[in-house]
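A look at the structure
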Amino acid sequence: MQNQEYIIQMKDIRKEYFGNPVLKGVNLNVKKGEIHALLGENGAGKSTLMNILFGMPVIHSTGGYQGEVTFDGQLTNIDSPNTAMNLGIGMVHQEFMLIPGFSITENIKLNREILKPNIFSPMLGDQAKTLDFKKMDQESQVSLDTLGLNLKVQSKVEGLPVGFMQFIEIAREIDKKNMRLMVFDEPTAVLTESEADTLLKAMRRIADSGISILFITHRLDEVMQVSDSITVLRDGEQVASLNTKDTNVIELAEIMVGRKIENMAQREEHESSKEVIMKIDNLVVDMPGEEVKGVNLEIKKGEILGIGGLAGQGKIGIPNGIMGIYPSKGSVTFNGQNIPLNNPAQSLKSKIAFVSEDRRGVGLLLDCSIEENIVLTSMQIQNKFIKNYGIMTQIDKKAIRAHALEMITNLDIRCTGPEQLTRRLSGGNQQKVCIARALTLDPEIIFVSEPTRGIDIGAKKLVLDTLVELNKRLGMTVVVISSELAELRSVCDRIAIVTEGKIEGILSPSDNDADFGLMMSGDYHKIHGKEVG
Amino acid sequence: MEISTKKIISTLGIPRLIIITFMIVLCVMAVFLKLPLNDLLSDTLIRTGMNGVLVLAMVPGILSGIGLNFGLPLGIVCGLVGGLISIEMDLTGYMAFFVAIIVSIPISALVGALYGYLLNRVKGSEMMVATYVGFSAVSLMCIGWLLMPFKAEEVKWPIGEGLRTTIALTGRYDKILDHTFAFNIFGVTIPTGLLLFFFLSCFLMALFLKTKTGMAMKAAGDNPRFAVASGINVDKQRIVGTMISTILGAVGIVVYAQSFGFYQLYQAPLMMGFAAVAAILIGGASARRANMLHVILGTFLFQGLLTISLPVANKIITEGNLSEVLRIIVQNGIILYALTKVSSGGD
Amino acid sequence: MEAEKLVFEENKPQSMGSNIKQIIFDNSVTIIFVILCLGGVYLSKQPIPFIANELIQRITRNSFLVLSLIIPVLAGMGLNFGIVLGAMAGQIAIIAVTHFKIGGIAGFGLAALLTIPIALLFGYFTAKLLNKTKGQEMISGMILGFFANGLYQLLFLFLVGTIIPMDNPTLVLSAGIGLKNTIDLSGPQGTKYALDAFAKIPFIKSTIVFALAGTGYYVFRILQSNKDERLKMERNSFIIRAVLFAALLIISFYVSTIKSLINNISVPLATVVVVGLLCVFNVFILKTKAGQDFRSVGQDMNIAKISGIPVDKIRIRAILISTVLAGWGQLIFLQNIGTLNTYGSHEQVGTFAIAALLIGGASVTKATIGQAIIGTALFHTLFIVSPQAGKNLFGNAQIGEYFRVFVAYGVIGVSLGLHAWKQLFDKKNKK
């Protein structure tokens, strides 16, 4: 159906990565001049859909996609970012692509500078033409003024407040005369409230001038405030397409989270003690991309606590801060003792173990053997696996080998032997090596961050089962940090949701979907606050 | 087990293959030109032992994460000071040799620690800074050699100011290691003492790498983020690596000098760092990975190449020093190759 | 529909006071060297006119080389140690011209022309290597210089007379293979002073004219900046430059009134004009698309790439230009010195030119024409006075000589260290 009122129609889009279906027949229709919101949890398929829209190389190098894309009534195949740009599709990224040492004009006009000829240019070509700063300044100022800022385009970008940089990014896209469709990816994430407000109003103005906007966000109240229509993705499927005026925040939250059709094995009801093993007070962690802005949490002894929330909201910053991997402030009390922050050795000595979400970057020495990886931390922290010879120490090869073999058996690590390089293992087995290293410390509490990320379905279950086993058999307190809500709901006793760097609330796995959705979008207290108040 | 040619090529790497082939060609040519191969082999063995410890000095730097230690001249200069002090004390024989080493150890340890501290402040640009620290140190010591209050006859110029450019070790410990336990087999003289010292140094290094600190140092160099998460102080381990590298540089030059017969002051140490780097790279190491085999094999190949190429070249072209030019090309060529690998994510 | 406007308190132009503090901090290296030079001049007890004459000669023959370093710095490639290859290209050209006995300005011109293809070839390989070693460009350039030197020696020591037939007893060693160590460029068929001899102008008088022009120009720009928003940003730098030129004007005017041998010093017109043209070229190129591309790549390679700028190509272009300029710079150097040290003239070219640039206040990421000239002046002043100062201070001229080499290495080491430290510092504070 080619309809002149639509700027883009993506029909029945399917995409798989190495046999793993990521988009399972998604439809997306954006009308001309409208603001269309795209909602969905992490892993729902939003980024993949955008990569297809922009003709990113990663799509084409992994087998392309299926389905039809119609742009302004014409069937098109967007095969490269250049094609997308020529069609008039632009993207405002979360990561700013601005050069601080350049002026605003130079950033807006980067590689699109306005040139005038001079004596050399007939011979040497365009490269020798002079820059026409007067014209560039004029045009850039117009684009910038559309956004309602009071800013001179000749100023350098460095030193400007972060919120302004977002606007300059947008101005750069608007300045491209042929812009028809702009994608905004979490544009208000770094803005103050008043800046966000100005941005939303500017978005309205842009849409009214005929440029369609695709608005990716998790803030449901913003969706309600500014969008005309909404598409919700979940697990690679399009689960809803609505007009904004026909819905509300609670309904959206519910649709976003949804309940899985298959029966996830429910967590056995068991009495966890009321004793608090770890108390976290006002934790602030400076982890780029996962900032924690004041978390208060009590972890009960022997429980499996889940920490969930959308990506970038800060849940991963919590364990990284406690373990001293990223700079942090606040206080953490464990077993009644105060744990000094910013000191990884101390956290480890206090019997707190951590399995990082960055398996390959932080969790492993890829070019070392399995056994070396397993024993290294406890060797350094607890002096295990070492033979002391007075002035010198030597590693105890026998003990290391024995222990490694034990771990390989217990955790069922599929490998050719303890000397195999961890680089050669599959994702799931690498994860198990990381868990083995954490267990070798004999910890009293273990934080596991994104335990099943990048692992195939079969291995996922194994890893989760292992964690449950540890808790049941050894009574170890386990804290699982994960973006996959369904996973958390199947193994945890309680689930804390982190939004905008703080704990939005703690739910039980059996609480209703809408509550989870509202907490993740940060609207829970707004809604329930209103009701109570 | 199939040993395919492809696997050999990928394990050895193209530059090493080129060098090994070149070596074989040279040996064949040497036989053709009726050059005394046994003498050449003897010389190669001596030069391997002579340079070996200096090449070994690269290992702790690479493993701890500071990369190729172009600043080796810093350690060399400390060793020179130790050597001069031992002469000033009018010692001879083994006593003199070991005193030279023992005196230079605390000096080089201190200098190495400061140097390591500096390198920690310039992560990402270690190689450039190391090079110029080395150059500056040698230049500064040039002034130092002119001013230092040594009085021994071999050390100071009889008339005028300053220390001599080359200081002879005849009568003290000239070639003392080379001659100890040396024996002849098939016409080749094996400098047993020298080689023993070299292998012993490698053995001690290997032992160190299996201590708790050694393991921590390796982890810090291999993956600093992993190391931090395991409670290891990465900066401290880098300083440890730099210190040991500097100390080995000092010991290395003493070994070198006893074999050469002279201590060389002033500009001589300037380019020695590059030669050691090239040798370990030829042996198969990279800016991030190195082991004892790389040290031994690399030193042997590099020195062998130079030893055999000189007489062969002289037979073909009598003028000029083709061997020296060859050394410059091979040495710098292998370093360039290694640098292209560094930026593409390492080996 | 009234647009809501977010008001932003723009950074008011800083007060002159804090501005001056900033300037002193940024240029601390240069200031230290000015003090060092003044001390050295005093200690060496050499007559000022002698020093001035030597210095002016050195500046005219060396500044072209130092200026050739600027474009790679702008393009984010750091300090181009690869100019050694450019110098080699120039030397090959001049050997060829000397062999064919073409002298004077014709010979020089021909050598300059011949340098171009050779330098482009060398520069291309240099650039390809540097693109393969992103992040370690400087050390790679340095090692490449050594490597190329080896190949150069192979060429001229062993291939000349064997594979490359050269029947020329003045140039070739007696055995018939290999070039001589020194080649004399003087004589009617030589290129010595080919450029310099063209015309001579009195130094002090031309400095007065130059300073007057400079002061006038910057005063004009200051007035212009009152109307133009973009120029307003640069106002402070205009003021500083106007002040500096005015100071130069006053000093040179004063010198012209006193009776001193300095007033007899003359400067080769053609060479100065050529150097001046290079300065103009550097300024002009920055106003073009090519220059903007250099700057974009130099500021942030990733962003430039995403915006569609062919980053690798731009970097190659920067090195090509730099290498050709270095080739010409070496020609200018050689025609003034008059002797070619076949195997050594080019060796320290990289180190000394880079040290000079850094002393002038440049860094791995920023280099201007003023810094190049001032740095050359300071570096060579130190060079001239060190031996004598060392003799007077320590009784040993050698100390002075070693001191100046130490200074060259030291200033590069310190500059690299500071730059690396600052980079880490900025990375940590980047939010």
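How each quantity is defined
- Residues numbered from 1 in each chain as written.
- Chains lettered and ligands numbered in written order.
- Predicted model: local features only at pLDDT ≥ 70, side-chain atom pairs only at ≥ 80, totals over all residues.
- Helix = DSSP H or I, 4+ residues; strand = E, 2+ residues; numbered from the N terminus.
- Rg over C-alpha atoms; globule rule 2.2 N^0.38 Å.
- Buried ≥ 20, exposed ≤ 12 C-beta atoms within 10 Å, placed from the backbone.
- Contact = placed C-beta atoms within 7 Å.
- Arc of directions from axis to C-beta.
- Nonpolar A, V, L, I, M, F, W, Y, C, P; charged D, E, K, R; others polar.
- Pairing = 2+ DSSP bridges.
- Axes fitted to C-alpha atoms, helices over the stretch in contact; angles between N-to-C directions.
- Parallel < 35°, antiparallel > 145°, perpendicular 65-115°, else oblique.
- Left-handed = near helix turned anticlockwise from the far one by under 90°.
- pLDDT = per-residue confidence, 0-100.
- Domains from an automatic or database assignment.

The next thing to look at is the overall build of chain C. Across its full length, chain C carries 17 helices and 5 strands. In terms of overall size, chain C behaves like a compact globule, its C-alpha atoms giving a radius of gyration of 23 Å where 431 residues would be expected to give roughly 22 Å. Judged by the C-alpha coordinates and their principal axes, chain C covers about 90 × 60 × 45 Å. Within chain C, the proportion of its 431 residues that are buried is 47%. Sequence separation of at least 24 residues holds for 74% of the intrachain contacts in chain C that already meet a minimum separation of 6.

Turning next to the overall build of chain B. The helix and strand tally for chain B stands at 15 helices and 4 strands. Relative to the globule expectation of 20 Å for 347 residues, the C-alpha radius of gyration of chain B, 20 Å, shows essentially globular dimensions. Taken along its principal axes, the extent of the C-alpha atoms in chain B is 60 × 55 × 35 Å. Of all 347 residues assigned to chain B, the portion counted as buried reaches 54%.

An α-helix turns once per 3.6 residues; consequently, residues spaced three or four apart project the same way. Residue and element names in this part refer to chain A. Listed in full, the buried residues belonging to helix H1 (residues 46-53) are Thr48, Leu49, Ile52 and Leu53. Along H1, the residues classed as buried sweep out an arc of 145° about the axis, all on the same side. Where the residues of H1 are buried, they touch strand E1 (6-17), strand E2 (20-31), helix H2 (57-60), helix H3 (81-87) and strand E6 (89-92).

Taken together, the contact pairs 35 residues of chain B with 42 residues of chain C. If you tally residues by element for the side of chain B that touches chain C, the top one is helix H7 (residues 126-147) of chain B, at 13 residues. Taken together, the residues of the side of chain B that touches chain C break down into 21 nonpolar, 10 polar and 4 charged.

This brings us to the pairing of strand E17 (residues 328-334) of chain A. Residue and element names in this part refer to chain A. As judged from the 6 bridges shared by strand E14 (residues 276-285) and E17, these two strands associate in the antiparallel manner. Residue pairing across strands places Ile280 opposite Val332, the latter belonging to E17. Linking E17 to strand E18 (residues 337-339), which pair antiparallel, is a turn of 2 residues; within it Asn335 sits at a positive phi near 50°.

In this section: the packing of helix H2 (residues 28-44) of chain C against helix H16 (residues 369-394) of chain C. Residues and elements named next belong to chain C. Put simply, H2 and H16 touch, their axes get as near as 8 Å, and they point 40° apart. As summarised for this structure, H2 and H16 are arranged oblique, according to the angle between their axes. The element H2 and its partner H16 pack so that their crossing is left-handed. For the pair H2 and H16, contact is made by Thr30, Phe33, Val34, Leu36, Cys37, Gly40, Val41, Leu43 and Ser44 and by Ile374, Leu378, Thr381, Leu382, Val385, Ser386, Gln388, Ala389, Asn392 and Leu393, respectively. For the contact of H2 with H16, a count of residues per class yields 12 nonpolar, 7 polar and no charged.

Moving on: the interface of chain A and chain C. At the interface, 27 residues of chain A touch 24 residues of chain C. The residue makeup of the side of chain A that touches chain C, split by class, is 11 nonpolar, 10 polar and 6 charged.

All names here are of chain C. Between helix H6 (residues 104-132) and helix H7 (residues 137-159), the shortest axis-to-axis distance is 9 Å and the interhelical angle comes to 140°. It follows from the interaxial angle that H6 and H7 lie oblique. Once H6 is placed against H7, the crossing between them reads as right-handed. Contacts from Thr126, Leu129 and Leu130 in H6 reach Glu137, Ser140, Gly141 and Leu144 in H7.

Residues and elements named next belong to chain A. Spatially, the 4 strands line up as an open sheet ordered E15-E14-E17-E18, and their pairing is antiparallel. Each of the sheet's edge strands pairs with one partner strand only, and the pair in question is strand E15 (292-300) and E18. Taken pair by pair, the neighbouring strands of this sheet meet at an average axis angle of 10°, ignoring direction. As paired strands, E14 and E15 are joined by 7 bridges and run antiparallel to one another. In the strand pairing of E15, Met278 is matched with Ile299.

It is worth spelling out unusual backbone geometry at this point. For Asp412 of chain A, which is not a glycine, the phi torsion comes out positive at approximately 55°. Its location among the elements puts Asp412 of chain A in the loop between helix H15 (397-411) and helix H16 (427-440). Take Asp412 of chain A: there are 12 C-beta atoms within 10 Å of it, and that puts it in the exposed class. In the Ramachandran plot, Phe186 of chain B falls in the positive-phi region, its phi being about 55° despite a non-glycine side chain.

Residues and elements named next belong to chain C. Mean pLDDT over chain C works out to 86, with 95% of the residues at or above the 70 mark. Taking the mean pLDDT of every element in chain C, the minimum, 46, falls on strand E1 (residues 6-7) and the maximum, 95, on helix H4 (residues 70-74). Counting contacts from residues 1-13, a segment whose pLDDT is below 50, to residues more than four positions away or on other chains yields 19 contacts. Our summary of model confidence lists the complex with pTM equal to 0.88 and ipTM equal to 0.88.

Once that is clear, we can look at the domain arrangement of chain C. The extent of an interface is frequently quoted as the accessible surface area lost upon association of the parts. All names here are of chain C. According to the domain assignment, chain C consists of domain 1 (32-67 + 348-424) and domain 2 (80-197 + 269-346). The distance between the C-alpha centroids of domain 1 and domain 2 comes to 23 Å. Facing the 12 residues of domain 1 at the interface are 20 residues of domain 2. Listing elements by their share of the side of domain 1 that touches domain 2, those giving two or more residues are helix H3 (48-67) and helix H15 (349-359). Broken down by element, the side of domain 1 that touches domain 2 gets its largest block of residues, 8 residues, from H3.

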